[in-house]
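Remarks on the overall topology
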Amino acid sequence: MRISIRTQLLAALIPAIIVLFGLVVFISFKDSEKTVLEQINREAYELARSHAREFDVLFESSRKIAESLTLTYSTAPALDMGLVERAIVENLLNNPQIYGSTASFIPESTDLGFYGPYYYRSGDTIAFSDLAARDYDYRKWDWFIGPVKKLEPVWSDLYLDEGGGDILMVTYSTPIFRESRLIGVATVDIALDNLILRIKKLQEEKRIGETGYAFIISRQGRFIAHPEKEILSDETIFQLTEKTNDPDLKKLAGLITSLAPNFTEMRDPFTGKQAWVITTHIESTDWTFVIVYPRDEILKPLEILRNKIMLFAGLVILLVITIILGLSNRVTMPIRRLVKQADDYARGHFSEKINEDIGPSEIQNLSSALNKLGDSITEQIENVRQTTAQKEGYRQELLIAADIQQSILPQKNPPFPEIIDRLDLFGINRAAREVGGDFFDYFDIPGGRIGFVIADVSDKGAPSSIFMAMTRILIREIAERGLHPAEILRRANYMLAKDNSSAMFVTAIYGDYDPDSGKLRLASAGHNPPLIINSGGIREIKLPVSLPLGALQNIQFEQAEIMLAIGETLFLYTDGITEAFCGEKAYGMDRLAATISKRTWDSAQSLAETILEDIDKFCPPEEQADDITMVVLRNIGSAMEHKTRTSCIDNAVHLILPACTEILATVSLVAQKTASRMGFEEKEIQHIILALDETLNNAIMHSYPPGSSNKLQVILSPHEKGIRVCVIDYGTPFDFETSVKRYDGNATIDQPVGGIGLFLVKTLADEFYYEPGTFEGNRVSFVKYLSTNK
Amino acid sequence: MKTVAKLIIGVILGRKEHSKEKKMKNIVSVLGKWTLVAPEGRIDGHTSPELDLALREIIDGGAKNVALDLTGVEYMSSAGLRVLLATYKTVKALEGDMALISPRDNVAEVLEISGFSGIFRIIDNSQGLD
């Protein structure tokens, strides 16, 4: 998923801030809580202690008053009622905290008898009450019995003075000794209303939080100054604990019994709220001062603080978000503009510009680069457009050039309609590029002959096409003067090589053909040898070797003369055919020969087209690397002769024979029949037989080792002018030139035996050739004309 | 294109018997100092060794003057010429002579063309022998 910069910043910063503030809140809260609790503890403890001390002070002073009263009675020289009562009243007058006081005597121990005067405050005055009255009888009361029995002072439990107007009081009773004898009990009543009021006021005045309160639990477990519990009517804490089995109450009871001051967090058993409970022992009375401070009130300021911090944190987060949004917007806004710019570019609007002065320097650099890119692309597009237009222009020119080039090649088909019955001629050129360096040409030359050219300029394309055009015109111009082929090439070469600074050259074959006789004259300038195709197969014509045209200025050319018999085909081609490469593999001579041999063609044009089709099968035309050119020249005889040719073809004899002398007589017979049928005179027939016999014998005797079982071929090809006899052997080639010269027809008695046979053939035949090592074997052939043609 | 007519080897072999019949035959007789030899049929590369052998045997048998009656020779190639030349050399070395009697036209032409008519003695009939 794609995350924007903004989201990433927020995702990274916000949790960090939250965690940071969380930690701050947590730590400060804990610290503050601790501090606050300590402070509360201290304050509450102080509060409790001061109140406890007040009690202690009150009770201690009260105790001392009682003690001094007792002392007065112990040390007085004589006890009388006046002294007793005066001392009591003085005590009351001097000690405002004393509510009431008495000295009650054991009736039998003193002279005073059953005597118990009690003075107490009633408003602003001091009132008297006789405790020895019948309805009271002080001897029955705990405050009297306690000290008498224990012989030590006793604090009474709290009680409500019903006589004096429901005043909560506590009484200190101390035994009075005189002369080490217990004589009675002195008491001071201490009114606790003030203190209790003050404790209660703590709550009212909200000294202990809003709802905190303080109370005292007496030794007996009674609740003093408790906001809900009545001191005397309600049960003690112990009774309550036992009754309710409340664990909080039990805990509170435990705290009370422990004398040490305590600061405990617990649930308030009375209100059910969580609270801090502070207990302080009031030593003088064994009471416990309890402060209940509700926890929520203690922590209220902390919560306020925490809320403030959280509010602050929220504000900070809000601020950070705002800053991040602002910042990321500032950072990403230019990026977004860049993206839009890039989109524009993608849609091809390269002229769109963006403001380069916005955003941080990196973005500005990027904007600048993008603008430059746009400019550069616009420029490039313009360049490409221009180049393409220019190239298209060049291409158009090239196509025109190609048209011109094709148009200077012979267009007419058939090229020589007036001799269509004798000559089947077709040329084709397919350039690898728009224009090529190959060409072919044919034209009438003096003497009723046909001149023809096939040529291949070194290199391809436009330069070679110019050279090609030049060569073509030159050759045609020279050829029309009726010169023989070797001379035509010599002159053309001279002109081309002169001032040939481009160092281009052209391989070519120039030939002329006599459609009447079938005679071919061929001269080659470094061109690949042409082929002769006939019923016997395909053979290469080895022409005299020479340099290509244009290479060297003064060179001579040689020409060869060949008879093209009826039915025979001359095939001229450029190496674009045999060297048509598909990958590593060349089309090659073998495939060319195989294609020709399939004989699926029946005219010059169909042969050329068959070959072209096969080349395209071999390698697609779009991969053609070199120009392809062919000229096919077929001797098809005259219209009338055409019929003869057909019968001649039918009568052509193709013998495959074992290379042994046994065959000689038979071949002679076949030759005789063939020649006879062709209409040769008897003498001529004998000549043909003899020439063939000699040729054949020569091949048998000299090409093969004795006893060899090899084969050889004899081909007797009749045509309208005569018979062509060919002997093909597959043995060792022999030196024809030397052998021919061994005998010159001047016989002597010391005549060596060799060469006579060849001499006879040479003498008897009208044409005589030897072609060693063609791909068909060594060929010896001769032609014997019919006498009517001589 | 019309198919090329071919005479295959089998046909030739089938006609071999016939060609054997045409093979050369030699008839030898003596006329005065001359030993008369009359070969018949073809004298070509195949048959010439046979003629050569026959002539050698005759010469080895004491004949010095050999007359070849060519009336029955249908055909002669250079192989035959070589036998004649060899025979001629041999008898000349023995101070004998060789004569060719009435060759047919075609054989005479071969002798003529080849130039051998210039060195061989060719006569019309055996009456010409001295």
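Values in this document were obtained by computation on a predicted structure and should not be read as measured data.

**Here's the deal with the layout of surface pockets**
All names here are of chain A.
- Size it by volume and the second largest pocket reaches roughly 480 Å³.
- Per-element tally for the lining of the second largest pocket: the top contributor is helix H17 (residues 682–703), with six residues.
- Of the residues in the lining of the second largest pocket, the class split is 10 nonpolar, 11 polar and five charged.

**Some thoughts on empty space enclosed by the protein**
- The tally for this structure, following the rule as stated, stands at five cavities of 30 Å³ or more.
- Reported here for the largest cavity is a volume of approximately 50 Å³.
- For the lining of the largest cavity, the elements supplying multiple residues, two or more each, are H17 of chain A together with helix H5 (105–114) of chain B.
- Its residues assigned to classes, the lining of the largest cavity shows three nonpolar, three polar and one charged.

**Description of unusual backbone geometry**
All names here are of chain A.
- Between Asn413 and the following residue, Pro414, the backbone shows a cis peptide bond with an omega angle of 0°.
- The backbone of Asn245 sits at a positive phi, close to 55°, despite the residue not being glycine.
- As for its position among the elements, Asn245 is in the loop between helix H5 (237–244) and helix H6 (247–257).
- A relative accessible area of 55% places Asn245 in the exposed class.
- Residue Arg599 is not a glycine yet carries a positive backbone phi of 60°.
- Checked against the element boundaries, Arg599 lands in the loop between helix H13 (588–597) and helix H14 (604–618).

**Description of the pattern of salt bridges**
Residues and elements named next belong to chain A.
- Under the defined criterion, the tally for this structure stands at 27 salt bridges over all chains.
- Notably, a salt bridge pairs Asp344 with Arg347, separated by 3.1 Å at the nearest N-O pair.
- On the basis of relative accessible area, Asp344 is assigned to the buried category, the value being 7%.
- In this structure, Lys519 engages Glu561 in a salt bridge whose closest nitrogen and oxygen atoms are separated by 3.2 Å. Of the two residues, Lys519 sits in strand S17 (residues 519–525) while Glu561 sits in strand S20 (residues 559–563), which places them 42 residues apart along the sequence.
- Note on Lys519: relative accessible area 34%, which makes it partly exposed.
- Connected through salt bridges with shared partners, the residues Glu60, Arg63 and Glu67 form a single ionic network.

**Quick look at the pairing of strand S7 (residues 182–191) of chain A**
Residues and elements named next belong to chain A.
- Counting buried residues in S7 gives nine out of 10 residues, a clear majority hidden from the surface.
- Across seven bridges, strand S1 (residues 98–105) lies against S7 in antiparallel orientation. Note that in S7 the partner of Ser101 across the bridge is Val188.
- One ladder, built from nine bridges, connects strand S6 (residues 167–177) with S7; its direction is antiparallel.

**Thoughts on the environment of Glu579(A)**
Residues and elements named next belong to chain A.
- One can find Glu579 in the loop between helix H12 (575–578) and strand S22 (581–582).
- Look at Glu579 and you get partly exposed, because its relative accessible area is 46%.
- Considered as a pair, Glu579 and Ala625 are 46 residues apart in the sequence and their alpha carbons are 9.2 Å apart.

**Some words on the sheet that holds strand S12 (residues 287–294) of chain A**
Residue and element names in this part refer to chain A.
- Strand order in the open sheet made by the five strands is S9-S8-S12-S11-S10, with antiparallel pairing throughout. Edge positions in the open sheet fall to strand S9 (223–224) and strand S10 (262–267), since each of these has one partner strand only.
- Packed on one face of the sheet, helix H1 (residues 5–75) meets strand S8 (213–217), S10, strand S11 (274–282) and S12 and runs near 35° to S11.

**A short note on the packing of aromatic side chains**
Residues and elements named next belong to chain A.
- For the coordinates displayed, the defined rule picks out 30 aromatic pairs over all chains.
- Between the aromatic rings of Tyr73 and Phe105, the centroid separation amounts to 5.9 Å while the plane-to-plane angle is 70°, which identifies the pairing as edge-to-face. In this pair, Tyr73 sits in helix H1 while Phe105 sits in strand S1, placing the two residues 32 residues apart along the sequence. For the pair formed by Tyr73 and Phe105, the shared burial category is buried.
- Through a chain of ring-to-ring contacts, the aromatic side chains of Phe55, Phe59, Trp155, Tyr172 and Trp287 assemble into a single cluster.
- In this structure, Arg139 packs its charged tip against the face of Phe114, placed 4.1 Å from the ring centre.

**Notes on the pairing of strand S5 (residues 97–101) of chain B**
All names here are of chain B.
- When you tally the buried positions in S5, you get five out of five residues, the bulk of the element.
- Residues Asp97, Ala99 and Ile101 line one face of S5 and the alternating positions Met98 and Leu100 line the opposite face, and both faces are buried.
- With five bridges joining them, strand S3 (residues 65–69) and S5 adopt parallel strand pairing. In the sheet register, Leu68 faces S5, and the bridge partner there is Leu100.
- Bridge analysis of S5 against strand S6 (residues 121–123) gives three bridges, and the strand direction is parallel. Bridge pairing in S6 places Ile101 opposite Ile123.

**Focus on a nonpolar patch on the surface**
All names here are of chain A.
- Together, Ile5, Leu9, Leu13, Leu319, Ile323, Leu327, Val331, Ile335 and Val339 make up a nonpolar patch on the protein surface, roughly 690 Å² of accessible area in all.
- Elements with a contribution of two residues or more to the nonpolar patch: H1 and helix H8 (300–346).
- Considering each element in turn, the nonpolar patch owes the most residues, six residues, to H8.
- Structurally, Ile5 is set in helix H1.

**A look at H5(B)**
- By the burial criterion, the buried members of H5(B) are Asn106(B), Val107(B), Glu109(B), Val110(B), Leu111(B) and Ser114(B).
- In this fold, the buried residues of H5(B) make contact with H17 and helix H19 (756–764) of chain A together with strand S4 (73–76), helix H4 (78–93), S5 and S6 of chain B.
- Taken from the residues just after H5(B), Gly115(B) is the one with a positive phi, measuring 90°.

**Quick look at the sheet that holds strand S16 (residues 506–514) of chain A**
All names here are of chain A.
- Reading across from one edge, S14-S15-S16-S17-S20 is the order of the five strands in this open sheet, with antiparallel pairing throughout. What marks the edges here is a single partner per strand, and that holds for strand S14 (438–445) and S20. Taken over all neighbouring pairs, the strand axes of this sheet differ in orientation by 15° on average, direction set aside.
- Where strand S15 (residues 449–457) lies against S16, eight bridges are found, and the strand directions are antiparallel. By the bridge assignment, Val453 is partnered in S16 with Tyr510.
- Where helix H10 (residues 461–479) meets the sheet, it contacts S14, S15 and S16, and its direction lies at approximately 15° from that of S14.

Parameters and conventions
Residues numbered from 1 in each chain as written. Chains lettered and ligands numbered in written order. Predicted model: local features only at pLDDT ≥ 70, side-chain atom pairs only at ≥ 80, totals over all residues. Heavy atoms only, no water. 1 Å grid on protein atoms, 1.4 Å probe; cavity = no way out; pocket = protein on both sides within 12 Å on 5 of 7 lines; lining within 4 Å. Points joined across faces, edges and corners; volume = space filled by probe spheres on them. Helix = DSSP H or I, 4+ residues; strand = E, 2+ residues; numbered from the N terminus. Nonpolar A, V, L, I, M, F, W, Y, C, P; charged D, E, K, R; others polar. Buried < 20%, exposed > 50% of the residue type's maximum accessible area, 1.4 Å probe, protein only. Salt bridge = Lys/Arg side-chain N within 4 Å of Asp/Glu carboxyl O. Pairing = 2+ DSSP bridges. Contact = heavy atoms within 4.5 Å. Axes fitted to C-alpha atoms, helices over the stretch in contact; angles between N-to-C directions. Phe/Tyr/Trp six-rings, centres within 6.5 Å; stacked < 30°, edge-to-face > 60°. Lys NZ or Arg CZ within 6 Å of the ring centre and 35° of its normal. Patch = residues over 30% accessible without salt bridge, like charges linked within 9 Å, V, L, I, M, F, W, Y side chains within 5 Å. Areas by Shrake-Rupley, 256 points an atom, 1.4 Å probe, with all protein chains shown as cover.

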